[in-house]
Amino acid sequence: MTFHTIVCIKAVVAQAPRGRIVRSTANNRFNPFDLPALETALQLKAHYGGSVTVLSMGPPTGRVILAEALAMGADRAVLASDPALAGADTLATSTTLAAAIRKLAPYHLVLYGTRTADSDTGQVGPQTAVALDLPLVTGVHAFRPADNHLQVERTMDHLVESFEIDFPAALTVRPDICPPRDIELAGLAQAFDDQAVETLGLADLDLTPEEIGETGSPTRVVSLKPCKRERQCQFLEGEPAAITDQLIQQWTEKGLLD
Amino acid sequence: MDKLLADKHIAVRRSVRTFCERELRPIAAEIDQEARFPWDIVEKMAGLGYFGIQVPRTMDGAGLDAVSYAIIIEEISRVCAAMGLCVTVHNSVAVYPLMAFGTDRQKERWVRPMARGEKIGAFCLTEPNAGSDAGAVSATAIADGDDYILNANKVFVTNGGVADICLIFARTDPAAGRKGISVVVAERGLPGFVVGDLENLCGMRANPVSSIRLYDCRVPRDHLIGRAGQGLQIGMAALDTGRMGIAAQAVGIAQGALEEAVQYARQRRTFGTPIENHQAVQMMIADMATQIQAARLMVYRAAELKDKNAPFGQESAMAKLFASEIACQVTDAAVQIHGGYGYSKAYAVERFYRDARVTRIYEGTSEVHKMVIARSVLQSMG
């Protein structure tokens, strides 16, 4: 089997002036955290050969970022899109992506960015890996391809952890893993004029309506409001010993010291 | 607005904007002041296909349409008009006539490296006593055996200081008047090919505009583009496309100035409030945005007609006339909103203001455009 990487990407909302979200092609943007994941996949393709598939879930307006991924060098673009998928939380999204990834098997790697720029949970990558029963390394910031495995690194608690992973596996990659390439204009012309974004609907995914969309979502966003930080900066003046006494007194009054 | 554009156009705009914000924005003021052509950025642009926007992919171009071309020029100019100029002139009045009138052999020889951005093109029509009056060129290309011997003094050549492939408008038949003018390619480096000093210009300073002089410069006869005597026809066809590019450039300059003005109006406070809340400033912003929108639609309309292979010369001329005029008004208003700071090189609007001015002059002055448009309107009404 030739090397096959699936990269999960999201069309995020570019701007929401005064908190109002309008989902349109022009207001969509390739989630910037997913671009390094695609770049990683393209570099692995340059090493191993094979192909790269990009996968996204969302409304049809997301097609444009899939075409951008084709323009960057992905071989196949798939959009899981169905009105029944609307209102999905991260679990229902992961269930849907896992179903789509099963359809795209066989594969060696499934890649994600660490999070999205618009909802920022960081849950979809790990949850999808669990749904597919794949070994997972999160927050990967370096990789080295070897013959039948991949060496990857991540940093936890100021320690660099090195892993050797067999295929198939899933990774979430940190933005600094590699800078994404620029899109060539010829790539855009080819992606939009000659290549197609495939669509998978509910019927193609072998999922029941209970598992997906709003029904399949155990969490709901009740409200969203900007948080106000009321920090105050106070300068203490005087001799160092007196400042120390004041500081201890204030900390004690605030309950920070016994 | 968005519905007028296909998804492809939105993606083209986004990719060019990302590149320009990252690569051009940080150096735009500096290359203007130093009058420096940024070769490193130009090489990156070349690698991404900016120098063969509408050349087919089989000829190493990007294979995009005219609407994409307009968007690309608009986006580059929104950040750095001088580089927008370099790209539009190369693509429109240098590459396009070679594609449209060149033989397969000529395209292979010149268009392919130009599309890859390995060679930069220039359009050499203007002379000290010929420009708007294109029929008055005095350069000559006299047949001599298998060659032409070129003698020319071409001035205000955009990209002149860096151009490798120059389209020279010259008289192959000095006795035949307007019908004796032809287009002959002269390559940099030939004996007798001299690049003059760079012009010290008011705006567009990062573009190496220069004179190009040819002294008994000998080129083979197969450097003739199209037929002998077809020069003015080729020139007019090139300018129809070129004007669309200049119009797109003017829209980009105006858009860049508007964004700077709005950003400034939000920060600057007078009489206890940001100046964006003053009605006088709001009136200016409304006029600026409306003018830009109208000009942009005119440019896209001309481009769309070109993509449909419909006549677009009148629309292109109208778009160029209108966009260049409003670019001057919009950049002027942007300076006004900035007050004294707008007159300082510390703020980008000062550069936009200088860059906008020439769009009313080059590739046909506003006055010549009015002549062209009036002729077209009068003819169409019988």
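Quick look at the structure, then. Worth saying up front: this structure is predicted, and the values here are computed from it rather than measured.

1. Side note on the environment of B:Glu21
Residue and element names in this part refer to chain B.
Alright, step 1. Structurally, Glu-21 can be placed in helix α1 (residues 7-24).
Alright, step 2. On a C-alpha basis, the gap between Glu-21 and Cys-80 in space is 9.9 Å, while along the polypeptide they are 59 residues apart.
Alright, step 3. Ignoring sequence-local partners within four residues, the contact set of Glu-21 consists of Pro-26, Arg-78 and Val-79.

2. Description of the sheet that holds strand β11 (residues 197-200) of chain A
Residues and elements named next belong to chain A.
Alright, step 1. What the nine strands build is an open sheet, ordered β9-β8-β7-β10-β6-β1-β4-β5-β11; its pairing is mixed. The two strands at the open ends of the sheet, each matched to only one other strand, are β9 (159-166) and β11. Across the sheet, the mean angle separating the axes of adjacent strands is 35° when strand polarity is ignored.
Alright, step 2. Pairing of strand β1 (residues 4-8) with strand β4 (residues 51-57) involves five bridges; the strand directions are parallel. Bridging from a neighbouring strand, Val-7 pairs with Val-54 of β4.

3. Some thoughts on helix α4 (residues 66-79) of chain B
Alright, step 1. An ideal rise of 1.5 Å per residue puts 20 Å on 14 residues; α4(B) measures up with 21 Å between its terminal C-alpha atoms.
Alright, step 2. With 14 of 14 residues buried, α4(B) lies mostly within the body of the structure.

4. Details of the interface of chain B and chain A
Alright, step 1. Each side of the interface is counted separately: chain B has 22 residues, and chain A has 18 residues.
Alright, step 2. For the pair chain B and chain A, the summed buried area comes to about 1,600 Å², and 58% of that belongs to carbon and sulfur atoms.
Alright, step 3. Looking at the side of chain B facing chain A, the largest losses of area belong to B:Arg14, B:Leu48 and B:Arg57, adding up to 37% of the total buried there.
Alright, step 4. Two residues, A:Asp194 and B:Arg57, come together in a salt bridge whose shortest N-O distance is 2.3 Å.
Alright, step 5. Between the two partners, chain B and chain A, sit six residue pairs in polar contact (both at pLDDT 80 or more).
Alright, step 6. Take the side of chain B that touches chain A: its biggest share by element is ten residues, from α1(B).
Alright, step 7. Residues that form the side of chain B that touches chain A fall into these classes: eleven nonpolar, five polar and six charged.

The rules we used
Numbers given for residues are sequential positions, taken from 1 along each chain in its written order. Lettering for chains starts from A, numbering for ligands starts from 1, and both go in the order in which the items are written. Reporting of local features is limited, given that this is a predicted model, to residues whose pLDDT is at least 70; pairs of side-chain atoms are given and counted only at 80 or more, and all residues count toward the totals for whole chains, interfaces and linings. Side-chain figures throughout are based on the complete set of non-hydrogen atoms in the structure, without hydrogens or water. Helix and strand definitions follow DSSP, with helices as H or I runs of at least four residues and strands as E runs of at least two, each counted in order from the N terminus. By definition in these notes, contact holds between two residues if any of their heavy atoms fall within 4.5 Å. In short, DSSP must find at least two bridges between two strands for them to pair. Axes, fitted as lines to C-alpha atoms, cover a helix only where it is in contact. Angles between the N-to-C directions of the axes lie from 0 to 180 degrees. Here the expected length of a helix is defined as 1.5 Å per residue gap, with one fewer gap than residues. Any residue under 20% of the maximum accessible area for its type is buried, any over 50% is exposed, and the rest in between are partly exposed; the area is computed with a 1.4 Å probe on protein chains only. The buried area of a pairing is the accessible area, by a 1.4 Å probe, that goes missing from both parts when the two are put together, added over both. Within this document, salt bridges are pairs made up of a side-chain nitrogen of Lys or Arg and a carboxyl oxygen of Asp or Glu, the two lying within 4 Å of each other. Pairing of N or O atoms within 3.5 Å defines a polar contact, subject to two protein rules: one partner must be a possible hydrogen donor and the other a possible acceptor, and residues neighboring in sequence count only if both atoms are side-chain atoms. Classes in brief: Ala, Val, Leu, Ile, Met, Phe, Trp, Tyr, Cys and Pro nonpolar; Asp, Glu, Lys and Arg charged; the others, Gly included, polar.

Geometry only, nothing functional implied.
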